[in-house]
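Structural characterization, general
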Amino acid sequence: MSGRSTPRRNDDALAHRPWRGTLREYDLFKELTVGVVVVGVLVLGLSAVFGSPDDRSITLRSWATSAPADFVATATAELGGTSDLASYGPPYNRTPDATQTIGAIDLQSLSGVRIPIDTAKDFVIGPLTTLPARPAALSVWSASTDKQRTAWTTAYSDALSKAPKNDPTRVGKGAYGPVPALTTALLNMARTGALDGVLSTKNSFFNLDYSRSILFLGDGTYFSGLASSLHLTGDQWGVMNETGNYPGQSWLWLFSFWYQVEPFKSAPNADLLVVSLMLLLTLALTLVPFIPGLRSLPRWIPVHRLIWRDYYRRR
Amino acid sequence: MSVEGRTTETPADEPSARTWTGKSRQWLLRRLPPEKLLPDDQPSYVASWIYVFGIGAIASFVFVILSGIVLSLNGPLWYHVSVLGHFVNSTHLWSVELFFITMVIHLWGKYWMAAWRGGRALTWITGVVSFAVSIVAAFTGYLLQTNFDSQWIAFQAKDALNAVGIGAWFNVADLGQIFMWHITLMPLAVAAVVVLHVILVRMHGVVPPLDAAESDAQLRSTTPSLIDTEGDAR
């Protein structure tokens, strides 16, 4: 419209050239100093009044001690290759059709298996071989076929799920082979704290990588159960939450929001969809000055009349 | 454009430089002369509380860095066992929260001011990039808490990163990797983008009000000294 186009042109021309109008005194350093003082008072005050959360980390030892049934069930699943991690796909293993995709786009497979994890070997068999007194069941397991191993772990998993309170000590008799002995030995090892060290050190003195410990913990229900009780799981707004009554990463609200609504909520490729959407939205925010409509909203919704009310009043 | 206006302000008696260093100095002085870098006046329309939040974000960032340095000096486990360490950790948390609060208000303010006008698009872009980089920086900080929260965030966040194929290189359960990202790479990245953003703000000046016109009173009664400056420029 011609009525709008003229002021727009004036406005753009004014914005392009140096301001030739009235000035006001401005002290950059003074403003920065006042800002630092005010923010400093706020930071110290908030810290003194509210502090910060620090819920103790859990360990494989505390898991084995607090929830032995869950620990044994998880160890059995790792041994049988039926855990979530065992069928995760890249970057941990090669599981067919396990990756999240959008049509033919399969970004997850691009990395290949860069953090290889064999759940039976890395979480159960390997750690047990480090014990001074190796369980005899290890030899039986090593000498058996894959088919036999699968039959044993499947039978034992079923039996555990049917046992009262999933208690490994109350499982009925069955053809479980060396599996109960192996999982019990691992449970006892974890209860001493030895498994924490073995899983994280990877035969090295130094340790900075906790991938295997966290992934093993995540395959059980104890870890996620604690997270759920602290309102930290994905369906509870996930990573933007913090333990206790703290604001957490509230700036991730939109990222967390998509996981709460359809079609993302129940999509098998929800992570890929949400991350892709957020990348697109971030790109759109970055390019707002060039996007018709979005760049014009500030003209149509006159919030600027409030911001520059003194200017408009005196114009 | 302001930059073009300043081009002719290069001292006439300074010969055109022939070295890379001299050319760089002259280019920098043309683009960002001292009176633009450290101004002691601003256009009269720069008079709103919304302008406070940009400086508030920078002030918060100062406290993020200072508290982060103290935490770095003592290592990531210190705050679990020390009352002073816990307090410093709290100041780190709250300065980060204030950093984001002020930055988001600043961003929204600039949106409603359409502050990208007049060749300021790169200023807007660097602002959004600093916001995005800050989110990654804060995320690595949450992973570095070495407590239950960081354990769970590491377990949960791996899926999103793996889904887009970067989890293999940016491994959220690798404390050593995350430690280095948080205390070196990300602070450098945030600081670099923020500095670039502030320099661009100083170079281009604060955007005038929407619909401002030459007939406005603030433009009719111009400052003599500024007229002289512009006159000299011509």
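Conventions adopted
- For every chain, the first residue of the written sequence is number 1, and numbering continues from 1 onward in sequence order.
- Chains and ligands are labelled by the order in which they are written, letters from A for the one and numbers from 1 for the other.
- pLDDT decides what is reported in this predicted model: residues at 70 or higher carry local features, side-chain atom pairs at 80 or more are listed and counted, and totals for whole chains, interfaces and linings draw on all residues regardless.
- Calculation of side-chain values draws on the structure's entire complement of heavy atoms; hydrogens and water are dropped beforehand.
- Labels follow the DSSP assignment, with helices taken as runs of H or I lasting at least four residues and strands as runs of E lasting at least two, numbered in each case from the N terminus.
- Both definitions apply: the radius of gyration is a C-alpha atom measure, and the globule rule equals 2.2 Å times residues to the power 0.38.
- Partly exposed describes any residue whose relative accessible area lies between the buried limit of under 20% and the exposed limit of over 50%, with all areas from a 1.4 Å probe on protein chains only and scaled to the type maximum.
- In this description, contact between two residues means that some pair of their heavy atoms is separated by no more than 4.5 Å.
- In this charge count, Lys and Arg are treated as positive and Asp and Glu as negative; neither His nor the chain ends contribute.
- To locate a charge, the coordinates of NZ of Lys, CZ of Arg, CG of Asp or CD of Glu are taken.
- Buried area is a sum: the accessible area each of two parts loses on coming together, probed at 1.4 Å, counted once for each and added.
- The term salt bridge refers to a pairing of a side-chain nitrogen on Lys or Arg with a carboxyl oxygen on Asp or Glu at a separation within 4 Å.
- Summarising the geometry, the arc corresponds to the directions from the helix axis toward the C-beta atoms.
- To get an axis, a line is fitted to the C-alpha atoms, and for a helix only the part in contact is used. The angle between two axes follows their N-to-C directions and goes from 0 to 180 degrees.
- Orientation categories follow fixed angle ranges, with anything under 35 degrees roughly parallel, anything over 145 roughly antiparallel, 65 to 115 roughly perpendicular, and all other angles oblique.
- The crossing is said to be left-handed when, going from far helix to near helix, the turn is anticlockwise and less than a right angle, and right-handed when the turn is clockwise.
- Three classes are used: nonpolar for Ala, Val, Leu, Ile, Met, Phe, Trp, Tyr, Cys and Pro, charged for Asp, Glu, Lys and Arg, and polar for all others, with Gly counted as polar.
- What marks off one domain from the next here is an automatic or database domain assignment.
- Like charges are joined within 9 Å and nonpolar side chains (Val, Leu, Ile, Met, Phe, Trp, Tyr) within 5 Å, but only among residues with over 30% relative accessible area and no salt bridge; these make up the patches.
- Computed by Shrake-Rupley with a 1.4 Å probe, the accessible areas treat only the displayed protein chains as cover when residues are assessed.

**Examining the overall build of chain A**
In terms of helices and strands, chain A carries 16 helices and one strand. Here the C-alpha atoms of chain A give a radius of gyration of 29 Å, more than 25% beyond the 20 Å that 2.2 N^0.38 yields for 315 residues. Considered along the principal axes of its C-alpha atoms, chain A spans approximately 90 × 50 × 40 Å. Per-residue burial for chain A yields a buried fraction of 42% across its 315 residues. In chain A, the share of contacts with a sequence separation of at least 24, taken over all contacts with a separation of at least 6, comes to 55%. Here chain A contributes 30 positive and 25 negative side-chain charges, whose respective centroids are spaced 8 Å apart.

**Regarding the interface of chain B and chain A**
When the parts of a complex come together, some accessible area is lost, and that lost area is often used as the size of the interface. At the interface, 103 residues of chain B touch 104 residues of chain A. Across the chain B/chain A interface, buried area totals approximately 9600 Å², and carbon plus sulfur atoms make up 66% of it. Taken as a group, B:Trp94, B:Trp112 and B:Phe148 account for 8% of the area that chain B buries against chain A, more than any other trio of residues on that side. The salt bridge involving A:Arg315 is made with B:Asp216; its shortest N-O contact spans 3.0 Å.

**Section: helix H11 (residues 222-229) of chain A**
Residue and element names in this part refer to chain A. Every buried residue of H11 is listed here: Tyr-222, Phe-223 and Ala-227. End-on view of H11: buried residues confined to an arc of 140 degrees, all on one side of the axis. Immediately downstream of H11, the backbone of His-231 shows phi near 60 degrees, a positive value.

**As for the packing of helix H4 (residues 68-80) of chain A against helix H7 (residues 146-162) of chain A**
Residue and element names in this part refer to chain A. Two numbers describe how H4 lies on H7: the axes approach to 9 Å, and their chain directions differ by 160 degrees. Between H4 and H7, the crossing angle belongs to the class labelled roughly antiparallel. The chirality of how H4 crosses H7 is left-handed. Side by side, H4 and H7 meet where Val-72, Ala-73, Thr-76, Leu-79 and Gly-80 of the first sit next to Thr-153, Tyr-156, Ser-157 and Leu-160 of the second. Residue composition of the contact of H4 with H7, by class: five nonpolar, four polar and no charged.

**With respect to the domain arrangement of chain A**
Residue and element names in this part refer to chain A. Once the domains are mapped, chain A shows domain 1 (60-233) and domain 2 (249-315). Look at where the C-alpha atoms of domain 1 and domain 2 centre, and you get two points 42 Å apart. Counting residues at the interface gives five residues for domain 1, matched by seven residues for domain 2. Taken together, the two surfaces of domain 1 and domain 2 that pack against each other cover about 430 Å², and 61% of this comes from carbon and sulfur.

**Regarding a negative patch on the surface**
Taken together, the side chains of A:Glu25, A:Asp27, B:Asp40 and B:Asp41 make up a negatively charged region of the molecular surface. We classify B:Asp41 as partly exposed; its relative accessible area is 33%.

**Focus on the packing of helix H7 (residues 121-143) of chain B against helix H8 (residues 148-163) of chain B**
Residues and elements named next belong to chain B. Remark: H7 packs on H8, axes separated minimally by 8 Å, with the N-to-C direction vectors making an angle of 130 degrees. Considering the angle they form, H7 stands oblique to H8. Listed contacts from H8 to Phe-139, Tyr-142 and Leu-143 of H7 are Asp-149, Ser-150, Ile-153, Ala-154, Ala-157 and Leu-161. Considering only residue class, the contact of H7 with H8 consists of seven nonpolar, one polar and one charged.

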